[in-house]
Amino acid sequence: MKFSHDAGYLVAISEVSIVFIFVLMDNSYFNKKPKKIEFEGECPISVNFSDDNKMILLGTSQKHHYLLEINEQNPKPININKIAEKIDLSLL
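So, here's what we can say about the structure. (Residues numbered from 1 in each chain as written. Predicted model: local features only at pLDDT ≥ 70, side-chain atom pairs only at ≥ 80, totals over all residues. Heavy atoms only, no water.)

Next up on the list: the environment of Thr60. Tracing the sequence through the fold places Thr60 in strand E6 (residues 55–60). Leave out the neighbours within four places in its chain, and Thr60 touches Phe39, Glu42, Cys43, Pro44, Ile45 and Tyr66. A distance of 2.7 Å separates polar atoms of two side chains, one belonging to Thr60 and the other to Glu42. (Helix = DSSP H or I, 4+ residues; strand = E, 2+ residues; numbered from the N terminus. Contact = heavy atoms within 4.5 Å. Polar contact = N/O pair within 3.5 Å; in protein donor to acceptor, adjacent residues only side chain to side chain.)

Laid out in structure tokens, this is it:
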């Protein structure tokens, strides 16, 4: 589980390879249904926010990294514009 730097978002990773992204609304993360992202064949094990809270980086058990962009134009219902290409950093 990880909060964004400004506490506007909360990311939770479940043990069944699902990532939930909650948005702070009216002093609660549970007033709106979270965005749900399912991973097949790999389990997310780490999450970090960029310093400006516009992007989320997820690392998986398969050493893949996914970049999620948070739509800044409409942050209330969180919009994920794209999942970037898998970047395999195992050789670095």
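Our next topic: the side chain of Ser4. By the element assignment, Ser4 lies in the loop between strand E1 (2–3) and strand E2 (9–13). At 2.7 Å, the side chain of Ser4 and the side chain of Asp6 are in polar contact. Within the local environment of Ser4, its side chain forms a polar contact with the backbone nitrogen of Gly8, the two atoms lying 3.1 Å apart. If we ignore the near neighbours within four places in the chain, the residues touching Ser4 are Tyr9, Phe49 and Asn53.

Scope: geometric values only; no functional claims are made or implied.
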